[in-house]
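Structure assessment
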Amino acid sequence: PLALIFFISGLWSWQTAVAQSPVNWTNDQLLQPSELATALKDNKESSVIFSIGPGAVIPHSKDMGMVKEEENMKKFRQELETLPKDTSIIIYCGCCPYEHCPNVRPAIQLLKEMKFTNYKLLDLPHNIKIDWINKGYPTAQ
């Protein structure tokens, strides 16, 4: 009986982890950090950039807070409601690897539900430190 309890408990943890795994974006929707860094450096970035994670590290990004929290998701929705559906949007989190990130999937889902057509996810597969800061890309002052 004890072995069965451990098995069920392990299965529950595994199912919870797997539930977070499916991605709801395409490879074409991933923006490489080097591309954004170059555009920012050259003052050629015209997208609206949203930080949907623990802080706005990237210059000119709007800090929504972690959108896994209801009040932050509401704030993100309100910001999106002011924009045309074809606005160029970049979102990023960078709190942790994608498979564990509680913010990216809900944000992408909201963009889909609101029928936005021109959005990208900044490709930070590890975290903001490894994939952005450690590469010397620009950070907000």
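Residues numbered from 1 in each chain as written. Predicted model: local features only at pLDDT ≥ 70, side-chain atom pairs only at ≥ 80, totals over all residues. Heavy atoms only, no water.

As for the nonpolar core
If you look at the biggest cluster of nonpolar residues, it comprises 26 residues, and the most contacted ones within it are Phe50, Ile52, Phe76, Leu80, Ile89 and Ile91. Elements represented by at least two residues in this core include exactly strand E2 (48-51), helix H3 (70-81), strand E4 (89-92), helix H4 (104-113) and strand E5 (119-122). Here this core takes five residues from H4, the largest share from any one element. Membership of the second largest hydrophobic core comes to twelve residues, among which are Ala37, Leu40, Ile49 and Trp132. (Core = buried A, V, L, I, M, F, W, Y, C linked by side-chain atoms within 4.5 Å. Buried < 20%, exposed > 50% of the residue type's maximum accessible area, 1.4 Å probe, protein only. Helix = DSSP H or I, 4+ residues; strand = E, 2+ residues; numbered from the N terminus.)

So, the sheet that holds strand E3 (residues 61-63)
Sheet strands associate in pairs through backbone hydrogen bonding, adopting either a parallel or an antiparallel arrangement. Overall, parallel pairing links the five strands, which are arranged E1-E5-E4-E2-E3 in an open sheet. Of all the strands in the sheet, the pair left with one neighbour each is strand E1 (30-31) and E3. Strand direction decides the pairing type here: E4 and E5, joined by three bridges, are parallel. Each residue of the ladder has a partner; that of Ile89, found in E5, is Tyr119. (Pairing = 2+ DSSP bridges.)

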